[in-house]
Amino acid sequence: MKPHFFKKYFAGPLIAVLISACLTTALLICLGENPSILWEAFTSTFFNGFGLGYTLYYTTPLIFTGLSVALCFHAGLFNIGAEGQLHLGAAGIIALSLFFPGLPWYFSIPLGVIASMLTGGLWGLIAGFLKAKRGSHEVIVTILLNFIGITFVNYLILYPFKNTQVQNPETLEIGQSYFLSPLSDFTAYLGSELFRTTPVNVTLFLSLFAALICYLFLFHTARGYEIRALGQNPSAARFNGISASTNTLLVFTLAGALSGLVGINEVMGFQHKLIEGFSPQYGFTGIAVALMARNHPLGVILAALLFGSIHNGAREIEFLSEKITKEISIVMEAILIIIIAGQGYFSSLVYRLFKRDCHD
Amino acid sequence: MSKYLSLKFLFLFVVGLFYSTSLLAQIKIGLALDKGGRDDKSFNAAAFKGATEAQKNLNIQLKTVESSDDISLEPTLRTFAQKGYPLVIAVGFVQKDAVEKVAKQFPKTHFVLIDATTEIPNVRSIVFKEHEGSFLVGAIAAMASKSQKIGFIGGMDIPMIRRFQLGYESGVKHINPQALVLTNYIGSSSDAWRNPTKAKELALSQYNKGVDIIFSPSGASGLGVFDAAEQTQKWVVGCDSNQNWVKPGQVLTSMLKKVDVAVYQAIELETKSSFQGGIFDLGLAESGVDYSLDEFNRSLLTPEIEKKINAIKINILNHKIIVPDFYLTMKKAKPS
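Conventions we followed
- Residues numbered from 1 in each chain as written.
- Chains lettered and ligands numbered in written order.
- Predicted model: local features only at pLDDT ≥ 70, side-chain atom pairs only at ≥ 80, totals over all residues.
- Contact = placed C-beta atoms within 7 Å.
- Helix = DSSP H or I, 4+ residues; strand = E, 2+ residues; numbered from the N terminus.
- Nonpolar A, V, L, I, M, F, W, Y, C, P; charged D, E, K, R; others polar.
- Buried ≥ 20, exposed ≤ 12 C-beta atoms within 10 Å, placed from the backbone.
- Axes fitted to C-alpha atoms, helices over the stretch in contact; angles between N-to-C directions.
- Parallel < 35°, antiparallel > 145°, perpendicular 65-115°, else oblique.
- Left-handed = near helix turned anticlockwise from the far one by under 90°.
- Expected span 1.5 Å × (residues − 1).

This next bit is on the interface of chain A and chain B. The interface is formed by 16 residues belonging to chain A together with 22 residues belonging to chain B. Only helix H3 (49–74), helix H6 (138–158) and helix H14 (297–320) of chain A provide two or more residues apiece to the side of chain A that touches chain B. The element best represented in the side of chain A that touches chain B is H14 of chain A, accounting for 3 residues. Of the residues that constitute the side of chain A that touches chain B, the class distribution is 8 nonpolar, 5 polar and 3 charged.

Shown next, in the form of structure tokens:
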């Protein structure tokens, strides 16, 4: 590993994590709580099978949405629409599985993956189309599409697909052949109790694979080069014959498809049905994940792991403390995002303080 | 040296023994509330009240966790079980699935499920005959109303709230078959439990149509109806907890659903290590539901009303009045 590689990708995020941890500690002390619970909660999310299982379960969707946002960032586009896209993706799986409940597993599972990517991708394509052909601003369009998408999926959950046997707002259960194995099945087969009773499932491997594919696509294909060129200098890209509209359409479709994959983790991997409000804002946390990862697809994995662990540790804090509720995690995430987003300003501040080069 | 070491071990042993006995005596109780939160002044507040009372009187260590989203219910219950809490109380029908999944995985942990039923042996399911309590407050509303137009604002449109509605309506019609009951629902998603703004809008429009009493079983949303009642100087009927104190003078009475008593009893049984699973259906006969009368609404409920309502209560108890149950009518409507 070259030293500048570390500086470019890791130094900033690491400093941000440290500052955020320090500020949160200070906050806890101000509130009269023992700050050691922060460390206790953090370790519990990694160093026992139960905590690690949940951390990885939360990491999986964040990898997908993080990749979705990062991909758009590379083309100079801001995808706030991951939340809506992932709702549509989940609805795609539900629609498929309720119309064809009896498919054998070697059809149902690939088709489920395709359905989620298709519906999520189509939702992304709408934003891409409006941006590329009509010049609408993608931030506005994706935010508004979120409202429409989430409301539409809630309508599907509450009316056409509703399970009328229960009082909860949720859909009917999907067919057995759509179920994905939890990782605890594998560890139990090996005689270990790791991940026992946690919902982490094989979708985790799919998300890692997706990150690898994104990396290869962006940095080792001609199309990926075009997208990055478009993001870094649109006019130069256009003079070199790179079509802005084609690439915008493509990037938004791919981003939507990646977000749509979240549905696999939730529907096929764990709940086996679609519940109203199934996503605790994975789409928006995805933006923070992409920022933290500096838009590098492999960095997204680490950033998602960090945010997954914060999300999981929040519950642990609630159990450890009498005074603090899990909303402390939102404070911590917010501090992280502010520091990451303001990195340019902070690093120049540090530069002026120490007269040393803190840039990459 | 070895003597010193053994002394040290003895000391540690004794300290450990003291520590463990003091911990053993205190039973850890987990309370998992749903979206409404402990301050909804209604359903969750009742459960929280029961648990805090138990904490005062019994030797227990209480841990309350609120869920801000439906997806965190299951991990919360699982963490309680994982941490070795002997009794976990899950409040709200929304937790039914989560309790079923977790109770199967932790058969030695005892669970209490409020407002939903399940057959798993280590779960104590507690449900209430909401229609009986609603019948009483419906009858009171019809007796007190001047316009004979009476309102109902439900939270989420689900069979359980329809059960409240049917009981309430038949209570009104029992007193005055010509009385008009206006019905609105706040929504069909779980946000309906905490949308006081929309509840207030609906209440104001009902009051404008001439309604003078509104009953609103809608969790934390109900507080919006209380606001509307204060604004228009009309009456409201509280729900689940005794809400007479929330806006004194404006609250005619409250339909009590004694979640607090049920929670307290479950904790008490656990401390006596005589926990029992099974389904407990609490109605008027088991004093699981009732109407409330205290210093805040003493002046609103005249002695005649009180006399009549107690007569109705007795008639329900000896089955002279049969209160229609929405669950049964629902089953009849669907032959499945």
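That covers the picture; the talk isn't over yet.
To continue, consider the environment of Thr79 of chain B. Here Thr79 of chain B lies in helix H3 (residues 73–82). Distance from Thr79 of chain B to Val102 of chain B, taken between C-alpha atoms, is 9.7 Å for residues 23 residues apart in sequence. In this structure, Thr79 of chain B is in contact with Arg315 and Phe319 of chain A, ignoring residues within four places of it in sequence.

Those residues of helix H4 (residues 96–105) of chain B that sit buried are Lys96, Asp97, Ala98, Val99, Val102 and Ala103 of chain B. The inward-facing, buried residues of H4 of chain B contact H3, strand S3 (87–91), strand S4 (110–114) and strand S5 (123–128) of chain B.

All names here are of chain A. At a minimum axis separation of 10 Å, helix H13 (residues 282–292) and helix H15 (residues 328–341) run at an interaxial angle of 45 degrees. One finds that H13 runs oblique with respect to H15. Where H13 crosses over H15, the handedness of that crossing is left-handed. Residues Ala288, Leu291 and Met292 of H13 form the contact with H15, whose participating residues are Glu333, Leu336, Ile337, Ile340 and Ala341. The residue makeup of the contact of H13 with H15, split by class, is 7 nonpolar, no polar and 1 charged.

On to helix H10 (residues 303–317) of chain B, then. In this model H10 of chain B runs 21 Å from its N-terminal to its C-terminal C-alpha over 15 residues, within 8% of the 21 Å that 1.5 Å per residue would give. One or two residues past the end of H10 of chain B sits His319 of chain B, with phi positive at roughly 60 degrees.

Right, let's talk about the environment of Ala95 of chain A for a bit. All names here are of chain A. Assignment of secondary structure puts Ala95 in helix H4 (residues 82–99). On the neighbour-count criterion, Ala95 (17 C-beta atoms within 10 Å) is partly exposed. Ala95 sits 21 residues away from Ser116 along the chain, and the two C-alpha atoms are 9.9 Å apart.

Right, let's talk about the packing of helix H7 (residues 196–208) of chain B against helix H8 (residues 222–232) of chain B for a bit. Helix packing for two helices is described by the angle between their axes and how far apart those axes are. Residues and elements named next belong to chain B. Packing of H7 against H8 leaves a shortest axis separation of 7 Å and a crossing angle of 40 degrees. In terms of orientation, H7 lies oblique with respect to H8. H7 and H8 meet at a crossing whose hand is right-handed. Between H7, through Pro196, Thr197, Ala199, Lys200, Ala203, Leu204 and Tyr207, and H8, the contact on the second element is made entirely by Gly222, Leu223, Gly224, Val225, Asp227, Ala228 and Thr232. A class-by-class count of the residues in the contact of H7 with H8 yields 8 nonpolar, 4 polar and 2 charged.

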